[in-house]
Amino acid sequence: SGAGPRPPTEEEQLMKMHIDAQLSQIDELVESVQGAPPEALVPALELLSKIYGTIIEKPDEPKVRRIRTSNEKFVAHLGGLPVATDFLEASGFVLQRAPVDGGAAGEEEEVVVFPREGSLSLLRQVRAKLVAVLNVEKPKLSQAALAAQHRS
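Residues numbered from 1 in each chain as written. Predicted model: local features only at pLDDT ≥ 70, side-chain atom pairs only at ≥ 80, totals over all residues. Heavy atoms only, no water.

Caption draft 1: View of the packing of aromatic side chains. Per the counting criterion, the structure on display carries two aromatic pairs. The interplanar angle of 20° and the centroid separation of 5.8 Å between the aromatic rings of Tyr-52 and Phe-93 together place this pair among those described as stacked. Taken as a pair, Tyr-52 in helix H2 (residues 38–57) and Phe-93 in the loop between helix H4 (83–90) and strand S2 (94–99) lie far apart in primary sequence, 41 residues in all. Like Phe-93, Tyr-52 is buried. Consider the rings of Phe-93 and Phe-114, whose centres lie 5.0 Å apart with planes at 55°: the pair is tilted. Separated by 21 residues along the polypeptide, Phe-93 in the loop between H4 and S2 and Phe-114 in the loop between strand S3 (108–113) and helix H5 (120–151) bring together distant segments of the chain. A single burial state applies to Phe-93 and to Phe-114, both of which are buried. Following the ring pairs from residue to residue traces out a cluster consisting of Tyr-52, Phe-93 and Phe-114. (Phe/Tyr/Trp six-rings, centres within 6.5 Å; stacked < 30°, edge-to-face > 60°. Helix = DSSP H or I, 4+ residues; strand = E, 2+ residues; numbered from the N terminus. Buried < 20%, exposed > 50% of the residue type's maximum accessible area, 1.4 Å probe, protein only.)

Caption draft 2: Representation of the pairing of S3 within the structure. As paired elements, strand S1 (residues 66–68) and S3 share three bridges and run antiparallel to each other. Counted as the bridge partner of Ile-67 is Val-112 from S3. Sheet topology places S2 next to S3; six bridges connect them, and they run antiparallel. Note that in S3 the partner of Leu-95 across the bridge is Val-112. (Pairing = 2+ DSSP bridges.)

Caption draft 3: Up close: the nonpolar core. Core analysis: the largest hydrophobic core is formed by 36 residues, its most contacted members being Leu-45, Leu-48, Tyr-52, Leu-78, Phe-87, Leu-88 and Phe-93. Among the elements of the structure, helix H1 (10–33), H2, helix H3 (72–78), H4 and H5 are those that each provide at least two residues to this core. In terms of residues, this core owes the most to one element, H2, which gives 10 residues. Every residue in contact with Tyr-52, bar those within four places of it in the chain, is listed here: Phe-87, Leu-88, Ser-91, Phe-93, Leu-123, Val-126, Arg-127 and Leu-130. (Core = buried A, V, L, I, M, F, W, Y, C linked by side-chain atoms within 4.5 Å. Contact = heavy atoms within 4.5 Å.)

Caption draft 4: Looking closely at the confidence of the model for the chain. Counting all residues, the mean pLDDT for the chain is 88, and 96% of those residues have values of 70 or more. Summarising per-element confidence for the chain, the mean pLDDT is lowest in H5 (86) and highest in H2 (93). (pLDDT = per-residue confidence, 0-100.)

Caption draft 5: H4, seen in detail. Among the residues of H4, those classed as buried are Val-83, Ala-84, Phe-87, Leu-88 and Ala-90. After H4 finishes, the residue Gly-92 shows a positive phi value of roughly 105°.

Caption draft 6: Main features of the packing of H1 against H4. Two elements in contact, H1 and H4, have axes whose closest approach is 9 Å; the angle formed by their N-to-C orientations is 165°. On the basis of their axis angle, the class for H1 and H4 is roughly antiparallel. Like other packed secondary-structure pairs, H1 and H4 cross with a definite hand, here left-handed. On the side of H1, the interface is formed by Gln-22, Gln-25, Ile-26, Leu-29, Val-30, Ser-32 and Val-33, while H4 contributes Val-83, Asp-86, Phe-87, Glu-89 and Ala-90. In the contact of H1 with H4, the residues fall into seven nonpolar, three polar and two charged. (Axes fitted to C-alpha atoms, helices over the stretch in contact; angles between N-to-C directions. Parallel < 35°, antiparallel > 145°, perpendicular 65-115°, else oblique. Left-handed = near helix turned anticlockwise from the far one by under 90°. Nonpolar A, V, L, I, M, F, W, Y, C, P; charged D, E, K, R; others polar.)

Right under this line is the structure:
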């Protein structure tokens, strides 16, 4: 049949528009962090990239889709980069209160959740952008570290 590819449905077009809008938001965020000190930026972006990568590999595991904002690594690496939460939100994550696992009744904590309907294709594209920034920023980190060693 020579009908060719079917035109995208309205839902697919909306989804693509939504993803494009989120990607342009990510591009703005990437630009906004370019001047950040690499020693704060690199660990934050590496952790984001790792979070995205884990979800892309195991999208059906609820526990990889949910991160406690009080998590040690989260606080240590992303706490110093306020824009990190913007990255997560622009990638489709949702900040919400959830019952504490094994906590007292009614005890809640703040979590960042990648919802079931979140777009893995968006996550993949955002992760590629993060990796690109890391490729530029990581060498600066070792230069800074070397410079610091020479000063000591």
